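# Structural description and commentary
Here are the chains, one letter per residue:
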Amino acid sequence: MNSAQRPERFDEKRYGRLLETRSFGRHLVYVEEIDSTQRLAAELAARDAAEGVAVLSELQTAGRGRMGRTWHSPPGKGLWCSIILRPSLPLSQAPLLTFLAAVAVCRSIRRSARVPAMIKWPNDILVDGKKVCGILLESHAEGEQIRHVVAGIGIGVNLEKSDYPADLASIATSLRIEAGRPIDREALLADLMKELENLYELFLAEGFQPIRALWEALNCTVGKRIQVRDASGFVEGKAEGMDPDGGLVVRLSDGGAVKLFSGEIQHAEPAEKPGSTDEK
Ligand code: BTN
């Protein structure tokens, strides 16, 4: 194994020196191996760990993805991280944090790796059409009030093509592959914590609208014809935009519209070009 392939240990001291946040990521629980950082972060949150406490692991043996899937988390080359949030919000607003996390990751990746990352609704981060990061938010509530949210972020940072199993090779990529050079994981995580903290404070002070504007500016879904699988089945139509309460507005072929708050895009077609006369 040459030095380019060897998994590197995350340098917590260097990360600490680069970190500029007030609270997010200041207390980083670093482990070499774990089943899932989501599980440990939820346990810490249940034991009253403070907002901003984060868990990072070099390797996850049972990384969790959305929709009950597993998350490929090989050692030393990714950022497999979960952070505890404690917003005073009704549970119904928890999904808004998912867009906030997507915006933070997307901006941070663009700045740190200088690759043209985009957000695919609701919160996948893509580069050149391939997934480079997934986000999983798990909320714990008492009645209608959020008690804590664990925001799980998995970024393929320095994985190489050979690190992906066959079923992921055509749909996933890493920052290293896209940028053509290794990416500094400590600097990326420190920058991400800062971006998350800034956007979270903006959200608490001014509400969802500024986050929504940032999400819209970075998303690659609006304007496309999409097919979405959600809890109630399949929806097919043209994504028209995100409305003020975080619903994705999808125009159906019969002229009606639906608003989607969760789900997964199964298929998306390129946006129609401006001025196109094709009236499909
Ligand atoms: C997705 O399916 O797109 C969401 C993937 C989320 C993966 C991250 S990695 C860190 C955290 N721990 C987990 O077990 N999952 C999340």
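Described below are features of the structure shown in this document. Since the structure is predicted, the reported quantities are computational estimates derived from the model, not experimental observations. (Residues numbered from 1 in each chain as written. Predicted model: local features only at pLDDT ≥ 70, side-chain atom pairs only at ≥ 80, totals over all residues. Heavy atoms only, no water.)

What the rule picks out here adds up to one cavity of 30 Å³ or more. Taken as a whole, the largest cavity spans an internal volume of roughly 50 Å³. Ile83, Leu85, Leu97, Leu100, Ala101, Leu137, Ala151, Leu196 and Tyr200 together form the lining of the largest cavity. Looking at the lining of the largest cavity, the elements with two or more residues in it are strand S3 (78-85), helix H3 (94-113) and helix H6 (185-206). Of the residues forming the lining of the largest cavity, the biggest block, three residues, is contributed by H3. (1 Å grid on protein atoms, 1.4 Å probe; cavity = no way out; pocket = protein on both sides within 12 Å on 5 of 7 lines; lining within 4 Å. Points joined across faces, edges and corners; volume = space filled by probe spheres on them. Helix = DSSP H or I, 4+ residues; strand = E, 2+ residues; numbered from the N terminus.)

This part takes up the packing of aromatic side chains. Throughout the structure, instances matching the rule amount to five aromatic pairs. Their ring planes at 55° and their centres at 5.6 Å tell us that Phe10 and Tyr15 sit as a pair that is tilted. Assigned by exposure class, Phe10 and Tyr15 land together as buried. Where Phe10 meets Tyr30, the ring centres are 6.3 Å apart and the plane angle is 20°; that geometry is what we call stacked. Of this pair, Phe10 sits in the segment before helix H1 (12-18) while Tyr30 sits in strand S1 (residues 28-34), placing them 20 residues apart in sequence. Each of the two residues, Phe10 as well as Tyr30, counts as buried. (Phe/Tyr/Trp six-rings, centres within 6.5 Å; stacked < 30°, edge-to-face > 60°. Buried < 20%, exposed > 50% of the residue type's maximum accessible area, 1.4 Å probe, protein only.)

Bringing the sheet that holds strand S7 (residues 145-156) into the picture now. Reading across from one edge, S1-S2-S3-S7-S6-S5-S4 is the order of the seven strands in this open sheet, with mixed pairing throughout. One side of each edge strand has no neighbouring strand; the edge strands of this open sheet are S1 and strand S4 (118-120). Strand-to-strand twist of the sheet, defined as the mean angle between neighbouring strand axes without regard to direction, takes the value 20°. Where S3 meets S7, eight bridges bridge the pair, whose relative direction is antiparallel. The partner of Ile83 across the bridge, within S7, is Ala151. Contacting S1, strand S2 (54-60), S3, strand S6 (130-142) and S7, helix H2 (residues 37-46) crosses the sheet at an angle of about 155° to S7. (Pairing = 2+ DSSP bridges. Axes fitted to C-alpha atoms, helices over the stretch in contact; angles between N-to-C directions. Contact = heavy atoms within 4.5 Å.)

Let's shift gears to the site of the ligand. Around the ligand, 20 residues are found, and the nearest of them are Ser36, Gln60, Arg64, Arg66 and Lys131. At a separation of 2.9 Å, a nitrogen atom of the ligand approaches a polar side-chain atom of Gln60. Within the backbone of Arg66, a nitrogen or oxygen atom sits 2.6 Å from an oxygen atom of the ligand. Surface burial for the ligand is 99%, taken as the share of its 410 Å² of free accessible area covered by protein chains. Applying the majority rule of atoms within 2 Å of the grid points places the ligand in the largest pocket. For the shell around the ligand, the secondary-structure elements that each account for two or more residues are H2, S3, S6 and S7. (Near = heavy atom within 4 Å. Polar contact = N/O pair within 3.5 Å; in protein donor to acceptor, adjacent residues only side chain to side chain. Areas by Shrake-Rupley, 256 points an atom, 1.4 Å probe, with all protein chains shown as cover. Sits in = over half its atoms within 2 Å of the grid points.)

Estimates place the volume of the largest pocket at around 800 Å³. Lining the largest pocket are 42 residues, with Arg69, Trp71, Lys131, Leu168 and Ile171 sitting closest to its centre. At the level of secondary structure, the elements contributing two or more residues to the lining of the largest pocket comprise H2, S3, strand S5 (124-127), S6, S7, helix H4 (166-169) and strand S12 (264-269). It is S6 that contributes the most residues to the lining of the largest pocket, seven residues altogether. Of the volumes computed, that of the second largest pocket is approximately 280 Å³. If you trace the second largest pocket, you find 14 residues lining it, with Arg66, Thr98, Asn123, Leu137 and Ser262 closest to the centre. Elements with a minimum of two residues in the lining of the second largest pocket: H3 and S6. Top contributing element to the lining of the second largest pocket by residue count: S6, with four residues. Broken down by class, the residue content of the lining of the second largest pocket amounts to eight nonpolar, five polar and one charged. (Nonpolar A, V, L, I, M, F, W, Y, C, P; charged D, E, K, R; others polar.)

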